[in-house]
Amino acid sequence: MVQKAERVAPVRAGNHSQGGAGGAGKSGKPIGNVTRGTTNPNRMRRLDRWLAGPQAWRLRRATDPLVIDLGYGASPATAVELFDRLSAVRADVRVAGIEIEPARVRAAKALERAGLSFHVGGFEIPVPGQPVIVRAFNVLRQYEEADVEAIWSLVRSRLSPDGLFIDGTCDEIGRRVTWVALDVGGPLSLSISMRFGGFVLPSEIAERLPKALIHRNVPGEKIHGFLQALDKAWLNAAPLAAFGNRQRWTAMCRSMLDGGWPVHDGPSRWRLGELTVGWDAVAPSP
Ligand SMILES: C[S@@+](CC[C@H](N)C(=O)[O-])C[C@H]1O[C@@H](n2cnc3c(N)ncnc32)[C@H](O)[C@@H]1O
């Protein structure tokens, strides 16, 4: 069950200057509000392997290899995993876990080590430097849709020039995962990643869409058209099921690409049950 956060007043008021570069909101408090810290080890593995795969160039090229795990939850396990996974890409990576609930930061402090630290804070990201990656998983879904744009804009204002902000959502154990990737200029793409054998139709991912899209899966919205097209391509590829779901998913992705959808990445990602599409193809109507 998702516990809803309250509206985010400093963000709504466009009060970004107070929140930028490590500052807090007008009241001096972190921007955002505490919610239930539900988490599970390994549930962000599908996103992490995208960061350590097609997006690894960002971390490799970064002047300052600073990565933020924003809202890591009741246990810092997934922040530790992010550190371990990205250390394989760049040995001098620094991961800072940020939580708005101070007791969760106190509990995580015992796990600090060279390159891994934990801090109390919110969307203002109160650590010095410009992060190359900010991962916020299962955080924005607890806010109002009307606040998403302003939260995105605040976090984007903290990124390094090649920085990426991930606003993602997943089920309890990370078998159904989606994320929006944004850079300093705005949203770039939507990715979906599903465990083979765990769904009948790919549109079942709809229940795990990020906040910006979850209420938009209705006729007339682009995300609805995208999910309908995915289902059609999946059903058309049914004969390939005899060769395994990996072949079938790959055929679905190729058919989407051939049908003119701006599919990013390629077969090496498709075979993982992943598909990334350009944001313009799914963006909500204003
Ligand atoms: C549902 S948990 C998700 C934990 C973890 N990211 C995961 O997906 O497993 C959301 C966490 O985000 C924290 N949170 C909510 N808003 C926040 C904000 N603005 N800044 C930092 N943490 C925040 C909550 O206190 C909670 O611990």
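For clarity, every value in this text was computed on a predicted model and none was experimentally measured.

A.B. asks: Any chance you could explain the site of the ligand here in plain terms?
C.D. replies: Near the ligand, the surroundings consist of 26 residues, among which Thr-39, Glu-99, Arg-104, Asn-138 and Tyr-143 are the closest. Between the ligand and the protein, one listed contact pairs a nitrogen atom with a side-chain N or O atom of Tyr-143 at 2.6 Å. Starting from 600 Å² of accessible surface for the ligand in isolation, the protein chains cover 99%. For the shell around the ligand, the residue count by class is 10 nonpolar, 12 polar and four charged.

A.B. asks: Can you walk me through the pattern of salt bridges in this structure?
C.D. replies: Where charged atoms of side chains with opposite charge meet at close range, the side chains can pair. A full pass over the atoms with the stated rule returns 15 salt bridges. Between Asp-48 and Arg-135 there is a salt bridge, and its shortest N-O distance comes to 2.8 Å. Of the two residues, Asp-48 is situated in helix H3 (residues 45-51) and Arg-135 in strand S4 (residues 133-137); the sequence distance between them amounts to 87 residues. For the residue pair Asp-48 and Arg-135, the accessibility class agrees, reading buried in each case.

A.B. asks: How should helix H7 (residues 145-156) be read in this particular structure?
C.D. replies: An α-helix turns once every 3.6 residues. As a result, residues three or four positions apart point the same way. With 12 residues, H7 ought to run about 16 Å at 1.5 Å a step, and its terminal C-alpha atoms sit 17 Å apart, in line with that. All of the buried residues along H7 are Asp-147, Val-148, Ala-150, Ile-151, Trp-152, Leu-154, Val-155 and Arg-156.

A.B. asks: Looking at this structure, I do not really get the environment of Ser-153. What am I missing?
C.D. replies: Among the structural elements, Ser-153 can be located in helix H7. With a relative accessible area of 25%, Ser-153 lands in the partly exposed category. The sequence separation of Ser-153 and Gly-185 amounts to 32 residues, and the corresponding C-alpha distance is 9.2 Å.

A.B. asks: Help me understand the sheet that holds strand S8 (residues 263-264), please; the structure alone is not making it clear to me.
C.D. replies: Neighbouring strands of a sheet are bound in pairs by backbone hydrogen bonds; such pairs are parallel or else antiparallel. Spatial strand order, S3-S2-S1-S4-S5-S6-S7-S9-S8: nine strands in an open sheet with mixed pairing. The sheet is open, and its two edges are formed by strand S3 (116-120) and S8, each paired on a single side. Pairing geometry for strand S7 (residues 186-194) and strand S9 (residues 274-278), over five bridges, is antiparallel. Each bridged residue has a counterpart across the sheet, and for Ser-191 the counterpart in S9 is Thr-276. Set on the sheet, helix H5 (residues 77-87) makes contact with strand S1 (66-70), strand S2 (94-99), S3 and S4; between it and S1 the angle comes to about 155°. Packed onto the sheet, helix H10 (residues 245-258) meets S7, S8 and S9 and runs at close to 10° relative to S9.

A.B. asks: What am I meant to see in H10 here?
C.D. replies: Relative to the 20 Å expected for 14 residues at 1.5 Å per residue, H10 spans 20 Å between its end C-alpha atoms, a close match to the ideal helical length. For H10, the complete set of buried residues consists of Arg-248, Trp-249, Thr-250, Met-252, Cys-253 and Met-256. Taken together, the buried residues of H10 touch S7, helix H9 (222-236), S8, helix H11 (267-270) and S9. Positive phi appears at Gly-260, one or two residues downstream of H10, with a value of about 95°.

Each value, and the rule that gives it
Residues numbered from 1 in each chain as written. Predicted model: local features only at pLDDT ≥ 70, side-chain atom pairs only at ≥ 80, totals over all residues. Heavy atoms only, no water. Near = heavy atom within 4 Å. Polar contact = N/O pair within 3.5 Å; in protein donor to acceptor, adjacent residues only side chain to side chain. Areas by Shrake-Rupley, 256 points an atom, 1.4 Å probe, with all protein chains shown as cover. Nonpolar A, V, L, I, M, F, W, Y, C, P; charged D, E, K, R; others polar. Salt bridge = Lys/Arg side-chain N within 4 Å of Asp/Glu carboxyl O. Helix = DSSP H or I, 4+ residues; strand = E, 2+ residues; numbered from the N terminus. Buried < 20%, exposed > 50% of the residue type's maximum accessible area, 1.4 Å probe, protein only. Expected span 1.5 Å × (residues − 1). Pairing = 2+ DSSP bridges. Contact = heavy atoms within 4.5 Å. Axes fitted to C-alpha atoms, helices over the stretch in contact; angles between N-to-C directions.

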